[in-house]
Amino acid sequence: MEAVAHQIQGRFGGLLLRRTGASLDWKGDPLIQIPMYEEYMVYVRATEREARIFDEHADAERESLSTSNGILKVVSRHFYAEHKKCIGFARLNLEDPVPTFATLPEWELVKSTKMDTCARMTRHLLSRDDAPPMIFKDGIVEYSPVPEPQPGEDVKKTKKIIIYQEFPSLGPLLRNILTLYGIKHVYIDGQTSFQKRNKIVKAFREDPTIRVIIISSVGSTGLNLTIACIIIFLVSESFIQINVTY
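This section reports on the structure supplied with the text.

How each quantity is defined
Residues numbered from 1 in each chain as written. Predicted model: local features only at pLDDT ≥ 70, side-chain atom pairs only at ≥ 80, totals over all residues. Heavy atoms only, no water. Helix = DSSP H or I, 4+ residues; strand = E, 2+ residues; numbered from the N terminus. Contact = heavy atoms within 4.5 Å. Areas by Shrake-Rupley, 256 points an atom, 1.4 Å probe, with all protein chains shown as cover. Core = buried A, V, L, I, M, F, W, Y, C linked by side-chain atoms within 4.5 Å. Buried < 20%, exposed > 50% of the residue type's maximum accessible area, 1.4 Å probe, protein only. Phe/Tyr/Trp six-rings, centres within 6.5 Å; stacked < 30°, edge-to-face > 60°. Pairing = 2+ DSSP bridges. Salt bridge = Lys/Arg side-chain N within 4 Å of Asp/Glu carboxyl O.

Considerations on the overall build of the protein
Stage number 1. Summing up its helical and strand segments, the protein has 7 helices and 10 strands in all.
Stage number 2. In the protein, 67% of the contacts between residues at least 6 apart in sequence involve partners at least 24 apart.
Stage number 3. Only carbon and sulfur atoms are counted for the fraction: they give 56% of the accessible area of the protein, which is about 15,800 Å².

Let's talk about the environment of His-185
Stage number 1. Tracing the backbone shows His-185 in the loop between helix H6 (171-180) and strand E7 (186-187).
Stage number 2. On a C-alpha basis, the gap between His-185 and Ile-213 in space is 5.6 Å, while along the polypeptide they are 28 residues apart.
Stage number 3. When near neighbours in sequence (up to four residues on either side) are disregarded, His-185 contacts Arg-175, Leu-178, Thr-179, Val-212 and Ile-214.

Notes on the nonpolar core
Stage number 1. Of all hydrophobic cores here, the largest spans 32 residues; its most connected members are Ile-161, Ile-163, Leu-174, Ile-230, Ile-232, Ile-240 and Ile-242.
Stage number 2. Those elements that place two or more of their residues in this core are helix H5 (113-126), strand E6 (161-165), H6, strand E8 (212-215), strand E9 (230-234) and strand E10 (239-245).
Stage number 3. The element best represented in this core is H5, accounting for 6 residues.
Stage number 4. If we skip the residues at most four places from it in the chain, Leu-174 touches Met-115, Cys-118, Ile-163, Gln-165, Ile-214 and Leu-234.
Stage number 5. Grouped together as the second largest cluster of nonpolar side chains are 13 residues, Ile-188, Ile-213, Leu-225 and Val-235 included.

Some thoughts on the packing of aromatic side chains
Stage number 1. Under the criterion given, the structure shown has 5 aromatic pairs.
Stage number 2. Taking 6.3 Å as the distance between ring centres and 15° as the angle between the ring planes, the aromatic pair formed by Phe-89 and Trp-107 counts as stacked. Here Phe-89 is found in the loop between helix H3 (77-88) and helix H4 (104-110), whereas its partner Trp-107 is found in helix H4, with 18 residues between them in sequence. Here Phe-89 and Trp-107 have matching classes, each one buried.
Stage number 3. Taken together, a centroid distance of 5.1 Å and an interplanar angle of 75° make the contact between Phe-101 and Trp-107 edge-to-face.

Here we look at the environment of Pro-172
Stage number 1. Relative to the elements of secondary structure, Pro-172 occurs in helix H6.
Stage number 2. Looking at Pro-172, the relative accessible area reads 46%, which means it is partly exposed.
Stage number 3. In this structure the C-alpha to C-alpha distance between Pro-172 and Pro-99, which are 73 residues apart in sequence, comes to 9.4 Å.

Examining the pairing of strand E5 (residues 140-143)
Stage number 1. Sheet topology note: the strand E4 (residues 134-137)/E5 ladder contains 4 bridges and is antiparallel. Each residue of the ladder has a partner; that of Phe-136, found in E5, is Val-141.
Stage number 2. Between E4 and the antiparallel strand that follows it, E5, lie 2 residues; Asp-138 among them carries a positive phi value of about 55°.

Examining H6
Stage number 1. Counting buried positions along H6 yields 7 of 10 residues, so the element is predominantly enclosed.
Stage number 2. Of the surrounding elements, those touching the buried residues of H6 are H4, H5, E6, E7, E8 and E9.
Stage number 3. The positive-phi residue at the C-terminal boundary of H6 is Gly-182, with phi of around 75°.

Notes on the pattern of salt bridges
Two side chains carrying opposite charge are able to pair once their charged atoms lie near each other.
Stage number 1. With the rule as written, the count across this model stands at 7 salt bridges.
Stage number 2. Measuring nitrogen to oxygen at the nearest pair gives 2.6 Å for the salt bridge that ties Glu-153 to Arg-128. Highlighted residues: Glu-153 in the loop between E5 and E6 and Arg-128 in the loop between H5 and E4, separated in sequence by 25 residues.
Stage number 3. Note that Glu-206 is salt-bridged to Lys-202, the shortest N-O span being 2.8 Å. With Glu-206 and Lys-202 both in helix H7 (residues 194-206), this residue pair falls 4 residues apart, about one helical turn.
Stage number 4. Lys-202 gets classed as partly exposed once you look at its relative accessible area, which sits at 49%.

Here it is, written out as structure tokens:
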């Protein structure tokens, strides 16, 4: 590849223009207006129920790890895969189907802290474009009160959000919880046909009432979703990552 690159450079040397984020126009002004970018790592605190299940899974897996002379030597890939799924939605038997919840009180009893936090953050960010900042402290997210619209005030609600979910198998649960929180959304996964995917992307771009799209690694190839200014990464670690462009 390096040889090919040098060959192309030699053939087109002096004929190509390279534009970067620092490029200036003929007036000396920035050529590309790149908006401010912020990143937040939101660590969440597990519920007592989740912590207990996490510990039970860890204890069970330790017993089944490969050993030598009674000393733990190897941590299997299976352990990490199961651990990640468990963090997504804690349950003792990960082979059990993920339930569907009809109400928020029902969800509250066995909720996934990460998914619930993701839904609450999404609702807050969608409340208005100038929603007050969230406060992240000791594994808890505090939501500043959203001001009520004043008489004659035109409250803008235009920002759009991408939620990246690591495990597509937990997609139905996330969609279930977003719906319970009153959040209209669309999604694309590995089972979405290209024709349907194009319609979903078009709706996300053009329909002002659709402001959230859920994607996964198997469904995001080739997507162009630059209309969104917020990305929430719902991954398996003990945090949620938020990227915001203003």
